[in-house]
Amino acid sequence: MAFLSDMLSRVKPSPTVAVTALARSLKAQGRDIIGLGAGEPDFDTPDNIKAAAIRAIEAGETKYTAPDGIPELKSAIAEKFRRDNGLDYDASQIMVSTGGKQVLYNALMATLNPGDEVIIPAPYWVSYPDMVKMAGGTPVIVPAGIETGFRITAEALEAAITERTKWFIFNSPSNPTGAGYGRDALLALTAVLERHPHVHVMSDDMYEHIAYAPFAFCTPAEVAPSLYDRTLTVNGVSKAYAMTGWRIGYAGGPEELIAAMKKVQSQSTTNPCSISQWAAVEALTGPQAYLSTACAAFERRRDMVVEMLNAAAGLTCPVPDGAFYVYPDISGCLGKTTPAGTHIHDDQDFCTALLEETGVAAVFGEAFGLSPNFRVSYAAADDQLREACTRIQAFCAGLS
Ligand code: GLU
């Protein structure tokens with residue numbers, strides 16, 4: 001009898017996490033590595049947030065909490081949803097988890113039965129399809145390539161819906177492309193969803209605050225109130241407030257779904273870290289100036305990276321609306337050979353050779369379901385980014 005579960009054989013380890021770990025270990029061995037694999041702000045968590053965590057420790061807030069989060073954080077989240085998104089959720093409709101990742105996982109575990117389908121536009125964040133499989137469902141991948149601005153069209157969404165569709169996973173601005181859906185683009189999708197009342201919407205709004213004008217962030221339950229009762233609006237403090245390691249994600253949604261997610265969490269991690277929850281209260285209710293400072297820095301970096309990568313031979317780099325990723329196409333590099341003799345058949349070869357021969361870590365496009373591309377996270381210091389892009393340019397120029 002096999003020791004490992006059948007389910008696990010259908011799932012791969014997270015490539016974003018793996019590339020980040022590899023870059024870290026090569027660096028520890030003394031290699032000159034620039035890690036642009038992880039989607040993680042390079043900024044330090046703001047001091048007021050750290051101070052709130054220290055106060056929580058000193059006040060003895062170090063015990064189990066309610067599984068769905070401390071009341072103070074739930075009320076800060078309710079206020080955030082009202083303030084930023086015009087959405088009203090009461091405490092029974094809000095859930096706090098160990099990162100946005102656990103929110104999504106809880107929701108899928110709480111709702112999927114074998115055969116249930118989940119529509120995921122590609123390119124997608126690496127963990128969506130595998131989480132769906134872990135929960136016993138079937139990912140239905142819908143291509144949304146550069147021809148449509150990396151956005152799923154209303155026609156493609158309509159065509160993918162069947163009677164088994166349980167969820168549509170929506171992510172704007174997107175990881176890995178940075179493509180955002182403005183109000184009109186989103187309304188075109190919500191009009192389709194309104195015609196299919198059995199389909200629920202999982203909106204991953206993790207990059208809400210990293211949005212560059214003229215793009216303006218909006219979320220499905222906000223633009224289409226008729227979808228409110230079947231939308232899970234997911235967010236977190238990780239990307240917005242440079243708090244990736246604190247692991248706090250949250251969601252607002254229908255009471256029945258939130259109660260089911262709470263049940264899953266009560267049998268897995270019990271509650272998110274008590275200290276991190278107090279830090280998140282400060283993040284959401286304290287001074288918000290950090291958000292615009294960070295967004296301006298990311299926008300400046302975006303402009304530099306897009307310009308430098310478009311100047312690299314064989315790369316085409318679209319301009320993202322938000323998040324801190326670019327997703328260049330590498331078609332012009334395929335079939336070529338590096339000076340060290342590696343033949344580039346696909347984007348995985350490209351990223352492996354890029355890391356080995358230049359020390360730049362990025363994630364290959366196949367992991368996100370659309371090739372031939374690679375994802376560069378520009379949440380890194382300006383000088384590191386400039387150096388990385390210079391190395392990428394030299395790498396591409398050296399292909400023959
Ligand atoms: N969401 C980030 C990324 O895409 C963090 C790593 C992960 O959990 O995938 O890089």
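Residues numbered from 1 in each chain as written. Predicted model: local features only at pLDDT ≥ 70, side-chain atom pairs only at ≥ 80, totals over all residues. Heavy atoms only, no water.

Colleague: Residue-level account of the overall build of the protein, with values.
Modeller: Looking only at helices and strands, one finds 14 helices and 12 strands in the protein. A compact globule built from 400 residues should have a C-alpha radius of gyration of about 21 Å, and the protein, at 21 Å, falls within 12% of that. Dimensions along the principal axes, computed over C-alpha positions, put the protein at roughly 60 × 55 × 55 Å. For the protein, the proportion of its 400 residues judged to be buried stands at 56%. Within the protein, contacts between residues at least 6 apart in sequence are counted, and of these 74% link residues at least 24 apart. Both charge centroids of the protein, one from 31 positive and one from 45 negative side chains, sit 3 Å from each other. (Helix = DSSP H or I, 4+ residues; strand = E, 2+ residues; numbered from the N terminus. Rg over C-alpha atoms; globule rule 2.2 N^0.38 Å. Buried < 20%, exposed > 50% of the residue type's maximum accessible area, 1.4 Å probe, protein only. Contact = heavy atoms within 4.5 Å. Lys, Arg positive; Asp, Glu negative; His and termini not counted. Charge placed at Lys NZ, Arg CZ, Asp CG, Glu CD.)

Colleague: Give a description of the nonpolar core that names residues and reports values.
Modeller: Among the nonpolar cores identified, the biggest contains 109 residues, and Leu232, Tyr241, Leu315, Phe350 and Phe374 are the most heavily contacted of them. Per-element accounting of this core gives the leading share, 10 residues, to helix H12 (residues 289-310). Counting 21 residues, the second-largest nonpolar core is a separate cluster that includes Ile119, Ala160, Cys218 and Leu227. (Core = buried A, V, L, I, M, F, W, Y, C linked by side-chain atoms within 4.5 Å.)

Colleague: So what about empty space enclosed by the protein? Which residues, and what values?
Modeller: Tallied over the full model, the rule gives 1 cavity of 30 Å³ or more. Of the volumes computed, that of the largest cavity is approximately 140 Å³. Lining the largest cavity are 19 residues, with Pro121, Pro123, Asn171, Ser174 and Tyr181 positioned closest to its centre. For the lining of the largest cavity, the secondary-structure elements that each account for two or more residues are strand E3 (117-122) and strand E5 (165-171). Per-element accounting of the lining of the largest cavity gives the leading share, 4 residues, to E5. Taken together, the residues of the lining of the largest cavity sort by class into 15 nonpolar, 4 polar and no charged. (1 Å grid on protein atoms, 1.4 Å probe; cavity = no way out; pocket = protein on both sides within 12 Å on 5 of 7 lines; lining within 4 Å. Points joined across faces, edges and corners; volume = space filled by probe spheres on them. Nonpolar A, V, L, I, M, F, W, Y, C, P; charged D, E, K, R; others polar.)

Colleague: Describe the packing of aromatic side chains, naming the residues involved and giving the relevant values.
Modeller: With the rule as written, the count across this model stands at 16 aromatic pairs. An aromatic cluster of three or more residues is present, and its members are Phe43, Tyr207, Tyr290, Phe298, Phe324 and Tyr325. (Phe/Tyr/Trp six-rings, centres within 6.5 Å; stacked < 30°, edge-to-face > 60°.)

Colleague: How would you sum up the site of the ligand? Please name residues and give values.
Modeller: In the region of the ligand, the neighbouring residues are Thr16, Ala38, Gly39, Lys101, Trp125, Asn175, Lys239, Tyr325 and Arg375. One of the side-chain N or O atoms of threonine 16 is found 2.5 Å from an oxygen atom in the ligand. At 2.9 Å from an oxygen atom of the ligand is found a main-chain nitrogen or oxygen belonging to glycine 39. With the chains in place, 84% of the 280 Å² that the ligand exposes on its own is no longer accessible. Placement of the ligand is best described as lying within the largest pocket. By residue class, the composition of the shell around the ligand is 3 nonpolar, 3 polar and 3 charged. (Near = heavy atom within 4 Å. Polar contact = N/O pair within 3.5 Å; in protein donor to acceptor, adjacent residues only side chain to side chain. Areas by Shrake-Rupley, 256 points an atom, 1.4 Å probe, with all protein chains shown as cover. Sits in = over half its atoms within 2 Å of the grid points.)

Colleague: Tell me about the layout of surface pockets, and please be specific about residues and values.
Modeller: Roughly 610 Å³ of volume is contained in the largest pocket. As for the largest pocket, its lining consists of 26 residues, of which Gly39, Lys101, Trp125, Lys239 and Arg247 are closest to the centre. Of all elements in the fold, only helix H2 (15-28) and helix H5 (99-111) reach the threshold of two or more residues within the lining of the largest pocket. Ranked by residues supplied to the lining of the largest pocket, first place goes to H2 with 5 residues. Within the lining of the largest pocket, the residues separate by chemical class into 9 nonpolar, 10 polar and 7 charged. By volume, the second largest pocket is sized at about 350 Å³. Every residue lining the second largest pocket is counted, 18 residues in all, and those nearest its centre are Lys27, Gly35, Leu36, Ala38 and Glu40. At 4 residues, the largest contribution of residues to the lining of the second largest pocket is made by H2.

By themselves, these are just geometric observations and shouldn't be taken as functional.
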